[in-house]
Amino acid sequence: MATQTFDPTPVTATVLYQDNVTTIADAIETGDDLWLTLPALHRAGGWELKPQGVCRDQICIPLPNGESSRYLRQEQGEQWFNLSAFARLIEQPLAHDSAHHAWSFGPPAWEWKARLTTRQAPDFTLADLQGRAYSLSSFHGKKVLLALWASW
């Protein structure tokens, strides 16, 4: 894997972190990586760097030994954190639109994997072709076949 050059030219990025949308005026993008200052990291995703790891609420994720440069770097008198590398570490899905500097982060693996263990789909509501709304929960106890299609 080629090493990306760290270009300290900040961009204004929009970060969608689960249910939180934050505009970060001083983000740095290097290819598929999003670097944020530690205050911006906290604003965007609620994560804080602590001696025990990267923490949010009661969860602390230790960074892998010997790989701190993948996640942390000192630049322009600031400490920067690679949020996208961290997302890959915690198996958090992410999408990036480089043209618009938009980043979207889904739930971390421990959340979406727990949903799979119940074998129960989350409830949602969709309209049919006549505009009538149907919720998945209204079919509780019945067999349901969902046919999904997309043009992309």
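Structural data are supplied above this passage.
Model, not experiment: these values are computed from the prediction.

Parameters and conventions
Residues take numbers from 1 onward in each chain, read along the sequence in its written order. For this predicted model, a pLDDT threshold of at least 70 governs which residues receive local features, and a threshold of 80 or more governs which side-chain atom pairs are given and counted, while totals over whole chains, interfaces and linings are taken from all residues. No hydrogens and no water enter the side-chain calculation; it runs on all heavy atoms of the structure. By convention in these notes, a salt bridge is any Lys or Arg side-chain nitrogen within 4 Å of a carboxyl oxygen on Asp or Glu. Only protein chains enter the calculation, and the probe is 1.4 Å; a residue is then buried if its accessible area is under 20% of its type maximum, exposed if over 50%, and partly exposed in between. Here the rule is simple: two strands pair whenever DSSP picks up at least two bridges between them. For the purposes of this entry, the term helix denotes a DSSP run of H or I that reaches at least four residues, the term strand denotes a run of E that reaches at least two, and both are numbered from the N terminus. Orientation is described by lines fitted to C-alpha atoms, with helices fitted over the stretch in contact, and by angles between N-to-C directions that extend from 0 to 180 degrees. Pairs of residues are marked as contacts when any of their non-hydrogen atoms sit within 4.5 Å.

1. Quick look at the pattern of salt bridges
Summed over all chains, the structure comprises four salt bridges. The salt bridge partner of glutamate 67 is arginine 70, with a shortest N-O separation of 3.2 Å. On the accessibility criterion, glutamate 67 (28% relative accessible area) is partly exposed. In this structure, arginine 73 and glutamate 75 form a salt bridge, with 3.8 Å as the shortest nitrogen-oxygen distance. Accessibility expressed as a relative area gives 30% for arginine 73, which makes it partly exposed.

2. So, the sheet that holds strand β3 (residues 33-37)
Reading across from one edge, β7-β8-β3-β2-β1-β10-β9 is the order of the seven strands in this open sheet, with mixed pairing throughout. Lying at the two open borders of the sheet, with one neighbouring strand each, are β7 (72-75) and β9 (94-97). On average, adjacent strands in this sheet sit at an angle of 35° to one another, irrespective of strand direction. Pairing analysis gives four bridges linking strand β1 (residues 11-17) to strand β10 (residues 102-105), with the strands arranged parallel. Each residue of the ladder has a partner; that of threonine 14, found in β10, is alanine 102. On top of the sheet, helix α1 (residues 38-45) reaches β1, β2 (20-30), β3 and β8 (78-82); it is set at about 145° to β2, its chief contact.

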